[in-house]
Amino acid sequence: MARVLSNMLFNGFRSMEYTTVSASRSFLRHGMQFSTSVPNDPDTHDDFKPTNKLENSEITLKDIVEQDVKDNHVMIYMKGDPEQPRCGFSSLAVRVLSEYRVPIHSRNILEDPELKNAVKAFSMWPTFPQIFIKGEFIGGSDIILNMHQNGELKEKLKARSSE
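Anyway, here's the lowdown on the structure attached to this text.

**Things to note about helix H5 (residues 141-150)**
Side chains that are three or four residues apart share a direction in an α-helix, a result of its 3.6 residues per turn. Regarding H5, the residues found buried are Ser141, Ile144 and Met147. The arc enclosing the buried residues of H5, seen along the axis, measures out at 125°, which places them on a common side. In this structure, H5 carries Asp142 and Gln149 as exposed residues pointing more than 90 degrees from its buried face. Residue Gly151 follows H5 closely and has a positive phi angle near 90°.

**With respect to helix H4 (residues 113-123)**
When we look at burial in H4, the residues that qualify are Leu115, Ala118, Val119 and Ser123. The buried residues of H4 occupy an angular sector of 120° when the element is viewed end-on, so they sit on one face. The outward face of H4, more than 90 degrees from its buried face, is lined by the exposed residues Pro113 and Ala121. Those residues of H4 that are buried are in contact with helix H2 (61-71), strand E4 (74-78), strand E7 (105-108), strand E8 (130-133) and strand E9 (136-139). Positive phi shows up at Met124, right after H4, with a value of about 60°.

**Observations concerning the side chain of Lys156**
As for its position among the elements, Lys156 is in helix H6 (residues 152-162). Within the structure, Lys156 has its side chain in polar contact with the side chain of Glu136 (distance 2.7 Å). Once residues within four sequence positions are removed from consideration, Lys156 is found in contact with Ile133, Lys134, Glu136 and Ile138.

**Here we look at unusual backbone geometry**
Following Phe128, the chain continues into Pro129 via a peptide bond in cis, with omega recorded as 10°. Checked against the element boundaries, Pro129 lands in the loop between H4 and E8. Phi angles above zero are rare outside glycine, and Met124 is one such case at about 60°. Among the structural elements, Met124 can be located in the loop between H4 and E8.

**Overview of the pairing of E8**
Burial of the side chains of E8 extends over both faces: Gln130 and Phe132 are buried on one face and Ile131 and Ile133 on the other. Pairing of E4 with E8, which is carried by 4 bridges, proceeds in the antiparallel orientation. Within E8, the residue paired with Tyr77 across the bridge is Gln130. The pairing of E8 with E9 spans 3 bridges and is classified as antiparallel. Among the inter-strand pairings, Ile133 is bridged to a residue of E9, identified as Glu136. Count of turn residues in the E8/E9 antiparallel hairpin: 2 residues, of which Lys134 carries a positive phi of about 55°.

**Examining the packing of H2 against H4**
To characterise two packed helices, one gives the angle between the axes of the helices and the distance between these axes. Packing of H2 against H4 leaves a shortest axis separation of 9 Å and a crossing angle of 65°. The two elements H2 and H4 cross, and the hand of that crossing is right-handed. Residues Leu61, Val65, Glu66 and Val69 of H2 pack against Glu114, Leu115, Ala118, Val119 and Phe122 of H4. Taken together, the residues that form the contact of H2 with H4 break down as 7 nonpolar, no polar and 2 charged.

**Quick look at the pattern of salt bridges**
Taken as a whole, this structure holds 4 salt bridges when the rule is applied. Here Glu136 makes a salt bridge to Lys156, at a shortest N to O gap of 2.7 Å. With Glu136 in strand E9 and Lys156 in helix H6, the pair connects residues that are 20 residues apart, well separated along the chain. The closest approach of N and O atoms between Lys158 and Glu155, which form a salt bridge, is 3.7 Å. Taken as a pair, Lys158 and Glu155 lie in helix H6 at a separation of 3 residues, close to a single helical turn.

Conventions we followed
- Residues numbered from 1 in each chain as written.
- Predicted model: local features only at pLDDT ≥ 70, side-chain atom pairs only at ≥ 80, totals over all residues.
- Heavy atoms only, no water.
- Buried < 20%, exposed > 50% of the residue type's maximum accessible area, 1.4 Å probe, protein only.
- Helix = DSSP H or I, 4+ residues; strand = E, 2+ residues; numbered from the N terminus.
- Arc of directions from axis to C-beta.
- Contact = heavy atoms within 4.5 Å.
- Polar contact = N/O pair within 3.5 Å; in protein donor to acceptor, adjacent residues only side chain to side chain.
- Pairing = 2+ DSSP bridges.
- Axes fitted to C-alpha atoms, helices over the stretch in contact; angles between N-to-C directions.
- Left-handed = near helix turned anticlockwise from the far one by under 90°.
- Nonpolar A, V, L, I, M, F, W, Y, C, P; charged D, E, K, R; others polar.
- Salt bridge = Lys/Arg side-chain N within 4 Å of Asp/Glu carboxyl O.

Below is the structure:
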């Protein structure tokens with residue numbers, strides 16, 4: 001009897017293994033409803049609503065990017081962080097820079113789309129990762145790899161340590 005009931009339950013759940021997407025940006029999978037939108041429900045607690053930390057501040061994202069680049073000898077704007085890159089190009093850039101055992105400061109652009117746009121505007125470069133050394137925009141993972149292979153990166157980072 002228990003086996004029959006468990007098979008009925010199991011087969012019932014298996015038959016619900018479909019995905020239905022609605023116009024409200026929610027979907028149904030395995031009989032459970034999930035939402036991909038931010039709730040506008042007045043009953044939602046403020047702790048769960050997205051916030052803009054710069055909203056009531058005079059600091060702009062441009063100021064933050066300028067300060068990051070000025071204060072950090074090696075600054076990388078990337079997808080993910082150096083311990084856990086979220087794309088192959090970001091991973092490659094971190095691996096190359098790690099060869100030189102220099103401190104790498106980073107910001108995860110996936111956490112803030114507005115920061116991503118501010119960095120693009122600052123560097124006038126459309127893709128990520130974006131690497132800055134001693135306040136100078138260097139480029140992305142392909143450029144850093146090329147500089148590593150021809151010795152330029154070693155010289156650029158060595159110049160940093162002699163200052």
